[in-house]
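Chain by chain, the residues:
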Amino acid sequence: MVIQCAFKECRPYLNELETRFGLAQWAEQNNGFRLNYDYSGLSLYKTDEPKLGAINVDFVTGAAAHRRKFGGGKGQAIAKAVGLNKGATPVVLDATAGLGRDGFVLASLGCNVILHERHPVVAALLYDGLQRAYNDIEIGAWMKQSMSLIFGSSHTLLSQCESMPDVVYLDPMFPHREKSALVKKEMRVFQELVGADTDADDLLEFAYPLASKRVVVKRPDYAPFLNDKTPSMQIKTKKNRFDVYVKAAMV
């Protein structure tokens, strides 16, 4: 059993997770992490840094719920980047979904969001968070309509897409500039769990022909352009920027 759990009644669901995402194969190659399931859902722990605590996906409560209710609406930088204006509600393909936070923000603003995630553990965490959100009384109905997950590499999935999304959204992993600084816990864990996205530049080549309206790339403020391609425009925040490659007007 890859996922530790004290509740026997949860075992069928956890077996499904282990099979769906190939967690047994992952566990054979990784002994610095453990997965646990309890009343708060599936969680990841870094075994040699217990003080970091658990990493899980929660769309129902906490920070996600607060941003959904009080996050600034379509005035947010990410909303402007994907073109949420004049009543547009685009289909967004989030090709580097991670824990789904940006995807959830876009879904809460009216977008139909398709999530791609290739790392088995990250995909399992995201899948579990989605299942709990789907079953929530308050947000379950629109979450089922607005957010869906496809497990696999976007390098493969993008080339197989049959329909064109309005927007392809990319947020590839990028090394933290200050090696001596303690970056927030999720970034520290992800950098060790997932590693660098050494093939991230290639994504733009796949994404641009697929998007009907635009490609949006989220980058740290100090990072170079993806694949050295200058964007049509930029939207900057305090620490990040959105490089926007516009193909057609958003209507």
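Looking at an unreviewed UniProt entry, the chain carries the name Ribosomal RNA small subunit methyltransferase J, with the source organism given as Pseudoalteromonas fuliginea. What UniProt records for the chain under Sequence similarities (unreviewed entry) is the sentence "Belongs to the methyltransferase superfamily. RsmJ family." As recorded by UniProt, the Subcellular location (unreviewed entry) comment attached to the chain reads in full: "Cytoplasm".

Moving on, we come to the sheet that holds strand β8 (residues 214-220). Reading across from one edge, β6-β5-β4-β7-β8-β10-β9 is the order of the seven strands in this open sheet, with mixed pairing throughout. Strand pairing shows two members of the sheet lacking a second neighbour, β6 (147-151) and β9 (233-236), which therefore form its edges. Pairs of neighbouring strands in the sheet enclose a mean axial angle of 20°, with direction left out of account. Sitting on the sheet, helix α5 (residues 101-108) is in contact with β4 (91-94), β5 (112-117), β6, β7 (167-170) and β8, with an inclination near 170° to β5. Where helix α6 (residues 120-134) meets the sheet, its contacts fall on β5 and β6, and the angle it forms with β6 comes to roughly 155°.

Moving on, we come to the pattern of salt bridges. If charged atoms from side chains of opposite charge come close, those side chains can pair. For the structure on display, the rule yields eight salt bridges. Between Lys213 and Asp166 there is a salt bridge whose closest N-O contact spans 3.7 Å. Highlighted residues: Lys213 in the loop between α10 (200-210) and β8 and Asp166 in the loop between α8 (154-160) and β7, separated in sequence by 47 residues. Its relative accessible area of 16% is what places Lys213 among the buried residues. Within the structure, one salt-bridge network assembled from shared partners comprises Lys46, Asp48 and Glu49.

Looking now at the pairing of β7. The side chains of a regular strand alternate, residue by residue, between the two faces of the sheet. Residues Val167 and Tyr169 line one face of β7 and the alternating positions Val168 and Leu170 line the opposite face, and both faces are buried. Judged from the three bridges that link them, β4 and β7 form a sheet pairing that is parallel. Bridged to Val92 within β7 is Val167. Relative to β8, β7 runs parallel, the two sharing four bridges.

On to unusual backbone geometry. In the Ramachandran plot, Asn227 falls in the positive-phi region, its phi being about 55° despite a non-glycine side chain. Overall, Asn227 belongs to the partly exposed group, its relative accessible area being 31%. In this structure, Asp228 takes a positive phi of about 60° despite not being glycine.

Another point: α6. The end-to-end C-alpha distance of α6 is 21 Å, a good match for the 21 Å that 15 residues give at a rise of 1.5 Å each. α6 sits mainly inside the fold: 13 of its 15 residues count as buried.

Taken together, the side chains of Asp201, Asp202, Glu205 and Asp228 define an acidic patch exposed on the protein surface. Among the secondary structure elements, Asp202 is positioned in helix α10.

Moving on: the environment of Arg132. As for its placement among the helices and strands, Arg132 is situated in helix α6. Given the relative accessible area of 22%, Arg132 is considered partly exposed. Between the alpha carbons of Arg132 and Val57 there is a distance of 9.4 Å; along the sequence they are 75 residues apart. The contacts of Arg132, once residues within four sequence positions are left out, are Ser40, Gly41, Leu42, Val57, Asp58 and Val60. In terms of polar contacts, Arg132 uses its side chain to reach the backbone carbonyl oxygen of Val57, at 2.6 Å.

Parameters and conventions
Residues numbered from 1 in each chain as written. Predicted model: local features only at pLDDT ≥ 70, side-chain atom pairs only at ≥ 80, totals over all residues. Heavy atoms only, no water. UniProt positions renumbered as here; feature names shortened; annotations may be inferred. Pairing = 2+ DSSP bridges. Helix = DSSP H or I, 4+ residues; strand = E, 2+ residues; numbered from the N terminus. Axes fitted to C-alpha atoms, helices over the stretch in contact; angles between N-to-C directions. Contact = heavy atoms within 4.5 Å. Salt bridge = Lys/Arg side-chain N within 4 Å of Asp/Glu carboxyl O. Buried < 20%, exposed > 50% of the residue type's maximum accessible area, 1.4 Å probe, protein only. Expected span 1.5 Å × (residues − 1). Patch = residues over 30% accessible without salt bridge, like charges linked within 9 Å, V, L, I, M, F, W, Y side chains within 5 Å. Areas by Shrake-Rupley, 256 points an atom, 1.4 Å probe, with all protein chains shown as cover. Lys, Arg positive; Asp, Glu negative; His and termini not counted. Charge placed at Lys NZ, Arg CZ, Asp CG, Glu CD. Polar contact = N/O pair within 3.5 Å; in protein donor to acceptor, adjacent residues only side chain to side chain.

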